[in-house]
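# Residue-level structure breakdown
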Amino acid sequence: MVAIAILAAGRGTRMKSDLPKVLHELGGRSLVERVLQSCQQIQITRRLVIVGYRGELVKESLIRGQEISGKNLQSPPLEFVEQTEQLGTGHAIQQLLPHLEGFQGDLLVLNGDVPLLRAETITQLMAIHKQHQNSATLLTANLPNPQGYGRVFTDSQNLVQQIVEDRDCTQAQKQNHRINAGVYCFHWPDLEKILPALKADNDQKEYYLTDTVNFLSPVMAVDVEDYQEILGINDRKHLATACDILQTRIKDKWMAAGVTLLDPNSITIDDTVELQPDVVIEPQTHLRGNTSIASGSRIGPGSLIENSQIGENVTVLYSVVSDSMVAENTRIGPYAHLRGHAEIGANCRVGNFVELKNTQIGDRTNVAHLSYLGDATLGEKVNIGAGTITANYDGKNKHKTQIGDRSKTGSNSVLVAPITLGEDVTVAAGSVVTEDVPNDCLVIARSRQAVKPGWKLKEPQK
Ligand code: UD1
Ligand code: CA
């Protein structure tokens, strides 16, 4: 039986932020959400999150995050434990005492500010803990620059003798580059007994969780292979470094899977994105959220795709696509903006300076220049002339526009919604169409041109 506890009560003073540190975002997800995610490979019976500084906010954010990502059925519900005063990591774990009374299993403790741990690393730590029947097992790493981390001192068997915080280290102790990652597995019945005995006799006058190793035995250190995993976020610079590490991981994975990235440093990809082989991502392109891109598509340069599904062999050039779908062989851009559930069919063209909001477009339909279509449904093989606008908003409510197959709008037409144009309709250029038009009609809704022969301005009299 394994319970997990996440330390998320601190403010994170060094972030210089009102937002609790663990709610800062890294690649579209909060730090604490990422920590929870790193435990997804192990069987867990309880999930406790220790909250304090703006605890309500942390709670709400985690619950909301779960709703969005869809609850993992295997995960037990989140339990929030309040630490009203933040007197140290040991004090935080002391708050669990009433909640875990009689619990006979292991407690996996993770700092809420260590977001890059791989699930495999946690699995491995737990396996070693079990295999050796340790009282505690903790994750360590050899860092080129160990500054700021607690140093771990072990004997030749990898058994931990003590952990000394950076600020409490002597010059000699600082030479030890083996650091505490802030990830521990404790046999709870052992920890439970000694937790009340922690003292705050250190530079910070805090109760350190790390002091528990002085009272437990055996305590084993397990080195993580890739030390980048254990980066703890204490300030904005760490956050930027973590962002880089995460991006490198994600990009390496997609390149290995057959995706071309041109100038990878200028591209960002969230780890929630799915790409198929033979996708090409051009420079200055950003792929975010729940986005997928099918084989043969070419995105960018200069594009942002967010929560959208892109079919095969689509091109998106200098454009923004949010919460939308684009079917195969369609060309988007340059400079198009799709948002609010736009759905574009196959073999379409959505071109220069076109904005589509909540608009569905059938196959082989073109909206090539300078249009706004909102709340509209277009059939197949429709041609929208340059500058066509749906006037969908009457100042209070939004209204729908429908356009049947093979219809064409002339340049600079305004379709005042609610309105329905049938199939094979032609709208004359410059029309303001306010009433429905049946199939197979030409509609002209503008004043007729007047030409007056021989007409001249009168000369002003001197
Ligand atoms: C801690 C470890 C250090 C380790 C490092 C790894 C201790 C004493 N030190 O130091 O050995 O190398 O993590 O990143 O544990 N928190 C609470 N309540 C509190 C204090 C902290 O919930 O009263 C939470 C914070 O929100 C944070 C985590 O505990 O998520 C770690 O606290 P932090 O102050 O960042 O500890 P470090 O100084 O980094
Ligand atoms: Ca920290």
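Note that residues are indexed from 1 along each chain, following the sequence as it is written. Note on labels: chains are lettered from A, ligands numbered from 1, in written order. Note on the predicted model: pLDDT of at least 70 is required for a residue's local features to be given, and 80 or more for side-chain atom pairs to be given and counted; whole-chain, interface and lining totals, by contrast, use all residues. Remark: hydrogens and water are excluded; side-chain values derive from all non-hydrogen atoms of the structure.

### Side note on the sheet that holds strand β29 (residues 360-361)
Ordered in space as β14-β17-β20-β23-β26-β29-β32-β35-β38, the nine strands form an open sheet in which the pairing is parallel. At either end of the open sheet lies a strand with only one pairing partner, and these are β14 (274-275) and β38 (419-421). Pairing of strand β20 (residues 309-310) with strand β23 (residues 325-326), which is carried by two bridges, proceeds in the parallel orientation. The residue of β23 that forms the bridge with Ile-310 is Val-326. Strands qualify as paired when DSSP identifies two bridges or more between them. Each helix is a run of H or I in the DSSP string that is no shorter than four residues. Each strand is a run of E no shorter than two, and both are numbered from the N terminus.

### Considering the pairing of strand β10 (residues 178-187)
Relative accessibility under 20% of the residue-type maximum defines a buried residue, over 50% an exposed one, and the middle range a partly exposed one, all with a 1.4 Å probe and only protein chains included. For β10, a buried count of nine out of ten residues is recorded, marking the element as mostly surrounded by other parts of the structure. Where strand β6 (residues 106-111) meets β10, five bridges bridge the pair, whose relative direction is antiparallel. Note on β10: the bridge partner recorded for Asp-106 is His-187. Sheet analysis places strand β7 (residues 136-142) next to β10, joined by six bridges and oriented antiparallel.

### With respect to the coordination of the calcium ion (ligand 2)
Listed donors are limited to N, O and S atoms within 2.8 Å of the metal, widened to 3.2 Å for Na, K and Ca; water is not among them, so incomplete-looking sites are possible. Distances from the calcium ion (ligand 2) to its protein donors, Asp-113 (OD) and Asn-234 (OD1), fall at 2.4 to 2.6 Å. Of this pair, Asp-113 sits in the loop between β6 and α4 (119-132) while Asn-234 sits in the loop between β11 (219-223) and α7 (236-256), placing them 121 residues apart in sequence. The exposure classification of Asp-113 matches that of Asn-234, with both residues buried.

### Points about the site of ligand 1
As a matter of local geometry, ligand 1 sits amid 24 residues, with Gln-83, Gly-88, Thr-89, Glu-165 and Asn-180 nearest to it. Polar contacts here mean pairs of N or O atoms no more than 3.5 Å apart (in protein, one a potential hydrogen donor and the other a potential acceptor; neighbouring residues in sequence count only if both atoms are side-chain atoms). One of the backbone nitrogen or oxygen atoms of Leu-7 is found 2.8 Å away from an oxygen atom of ligand 1. Residue Asn-180 places a main-chain N or O atom 2.6 Å away from an oxygen atom belonging to ligand 1. Notes on ligand 1: free accessible area 760 Å², of which the protein chains cover 90%. Residues are called lining when one of their atoms sits within 4 Å of a cavity or pocket point, these points coming from a 1 Å grid over the protein atoms alone, where a cavity is a set in which a 1.4 Å probe fits but cannot get out and a pocket is an open set with protein on both sides within 12 Å along at least five of seven lines. Pocket or cavity membership: a molecule qualifies when more than half of its atoms sit within 2 Å of the grid points of that site. Using a 2 Å cut-off from the grid points, one finds that ligand 1 occupies the second largest pocket. For the shell around ligand 1, the secondary-structure elements that each account for two or more residues are β1 (2-8), α3 (89-94) and β10. With three residues, the single largest contributor to the shell around ligand 1 is β10. Neighbouring residues are identified by heavy atoms, a residue being near a molecule or strand if any of them is within 4 Å of it. Method for areas: the Shrake-Rupley scheme with a 1.4 Å probe, in which residue coverage is limited to the protein chains shown.

### Thoughts on α4
Under the convention used throughout, the expected extent of a helix is 1.5 Å for every residue step, that is, one less than its residue count. In a regular helix each residue adds 1.5 Å, so 14 residues correspond to 20 Å; α4 covers 20 Å between its end C-alpha atoms and thus fits that length. Every buried residue of α4 is listed here: Ala-119, Thr-121, Ile-122, Leu-125, Met-126, Ile-128 and His-129. Looking at the packing, one finds that the buried side of α4 touches β1, β6, β7, β10 and β11. Phi turns positive one or two residues past the end of α4, at Gln-133, with a value near 50°. Contact criterion: two residues are considered in contact whenever any of their non-hydrogen atoms come within 4.5 Å of each other.

### Examining the pattern of salt bridges
The salt bridge criterion pairs a side-chain nitrogen of Lys or Arg with a carboxyl oxygen of Asp or Glu, the two atoms within 4 Å. All told, the structure shown has 17 salt bridges when counted by the stated rule. Note that Asp-375 is salt-bridged to Lys-357, the shortest N-O span being 3.1 Å. Of this pair, Asp-375 sits in the loop between β31 (372-374) and β32 (376-378) while Lys-357 sits in strand β28 (residues 354-357), placing them 18 residues apart in sequence. Neither Asp-375 nor Lys-357 differs from the other in exposure class; each is buried.

### Brief notes about the layout of surface pockets
When its volume is computed, the second largest pocket comes out at roughly 1100 Å³. Lining of the second largest pocket is provided by 37 residues; of these, Arg-14, Lys-21, Thr-89, Asp-113 and Asn-234 occupy positions nearest its centre. Elements represented by at least two residues in the lining of the second largest pocket include exactly β1, α3 and β10. With four residues, β10 is the largest single contributor of residues to the lining of the second largest pocket. Grid points are joined across faces, edges and corners, and a volume is the space filled by probe spheres set on the points.

### Let's talk about the domain arrangement of the protein chain
Throughout, the edges of the domains are those of an automatic or database domain assignment. Domain assignment breaks the protein chain into domain 1 (2-235) and domain 2 (237-443). The straight-line distance from the C-alpha centre of domain 1 to that of domain 2 is 44 Å. Contacts between the two partners involve 18 residues from domain 1, matched on the other side by twelve residues from domain 2. Using a 1.4 Å probe, buried area is obtained as the accessible area two parts lose upon being combined, added over both of them. On the domain 1 side of the interface with domain 2, the three residues burying the most area are Leu-26, Leu-116 and Asp-235, jointly 36% of the side's total. Among the salt bridges present, the one from Arg-29 reaches Asp-271, with a minimum N-O distance of 3.1 Å. At the surface where domain 1 touches domain 2, the tally comes to seven residue pairs in polar contact (both at pLDDT 80 or more). Contributing elements (two or more residues each) for the side of domain 1 that touches domain 2: β2 (25-26) and α1 (31-37). Looking at side-chain class alone, the side of domain 1 that touches domain 2 contains six nonpolar, six polar and six charged residues. In this classification, Asp, Glu, Lys and Arg are treated as charged, Ala, Val, Leu, Ile, Met, Phe, Trp, Tyr, Cys and Pro as nonpolar, and every other residue, Gly included, as polar.

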